[in-house]
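Each chain is listed here by its residues.
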Amino acid sequence: DAGDAMRDTSIEAYQDIQSKAATLRAAVRAAFRTGEALTADEVADVLGQSVLSIRPRVTELANNDEIEDSGKRRKNASGRNAIVWRETWKKSLFD
């Protein structure tokens, strides 16, 4: 029935998004592994991706304590102050 078809396509779309999110999250993680401190906008520029797809990945890494606020701020593309993130030092020491 039509409800089942919609549900199947929704599940397929969800799985596709989750796969892309995991790939982007790994790329964002790699950007910080260089030791450079970056804003989300700068990560997006480095990776050649939309900041709209990168910001959530940065948030996820911060929520998982993989990156941390460096205490610095830089202007983003919209002219607002943005957090400059860095890899959480304990993670890099023991990985």
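An account of the accompanying structure is given in this report. (Residues numbered from 1 in each chain as written. Predicted model: local features only at pLDDT ≥ 70, side-chain atom pairs only at ≥ 80, totals over all residues. Heavy atoms only, no water.)

1. Some remarks on the overall build of the chain
Here is step 1: Helix and strand counts for the chain stand at four helices and two strands.
Here is step 2: Ordered by position from the N terminus, the helices and strands of the chain form the series α-α-α-β-β-α.
Here is step 3: Across the 95 residues that make up the chain, the buried fraction comes to 27%.
Here is step 4: For the chain, contacts bridging at least 24 residues in sequence account for 43% of all contacts bridging at least 6. (Helix = DSSP H or I, 4+ residues; strand = E, 2+ residues; numbered from the N terminus. Buried < 20%, exposed > 50% of the residue type's maximum accessible area, 1.4 Å probe, protein only. Contact = heavy atoms within 4.5 Å.)

2. Digging into the nonpolar core
Here is step 1: Val 28, Phe 32, Val 43, Ile 54, Val 58, Ile 67 and Trp 85 are the most contacted members of the largest nonpolar core, which has 14 residues in total.
Here is step 2: For this core, the secondary structure elements donating two or more residues are helix H1 (2-33), helix H2 (40-47) and helix H3 (51-63).
Here is step 3: Ignoring anything within four residues of it in the chain, the contact list for Ile 67 reads Phe 32, Val 58, Leu 61, Ala 62, Trp 85, Arg 86, Glu 87 and Thr 88. (Core = buried A, V, L, I, M, F, W, Y, C linked by side-chain atoms within 4.5 Å.)

3. Brief notes about the packing of H2 against H3
Helix-helix packing: each pair is described by the crossing angle between the helix axes and the interaxial distance.
Here is step 1: In contact at an axis separation of 9 Å, H2 and H3 are set at 120° when each is read in the N-to-C sense. Regarding the angle of H2 to H3, the classification is oblique. Relative to H3, H2 is oriented so that their crossing is right-handed. Note on element contacts: H3 touches H2 through Val 51, Ile 54, Arg 55 and Val 58, opposite Ala 40, Asp 41, Val 43, Ala 44 and Leu 47.
Here is step 2: Tallied by class, residues from the contact of H2 with H3 come to seven nonpolar, no polar and two charged. (Axes fitted to C-alpha atoms, helices over the stretch in contact; angles between N-to-C directions. Parallel < 35°, antiparallel > 145°, perpendicular 65-115°, else oblique. Left-handed = near helix turned anticlockwise from the far one by under 90°. Nonpolar A, V, L, I, M, F, W, Y, C, P; charged D, E, K, R; others polar.)

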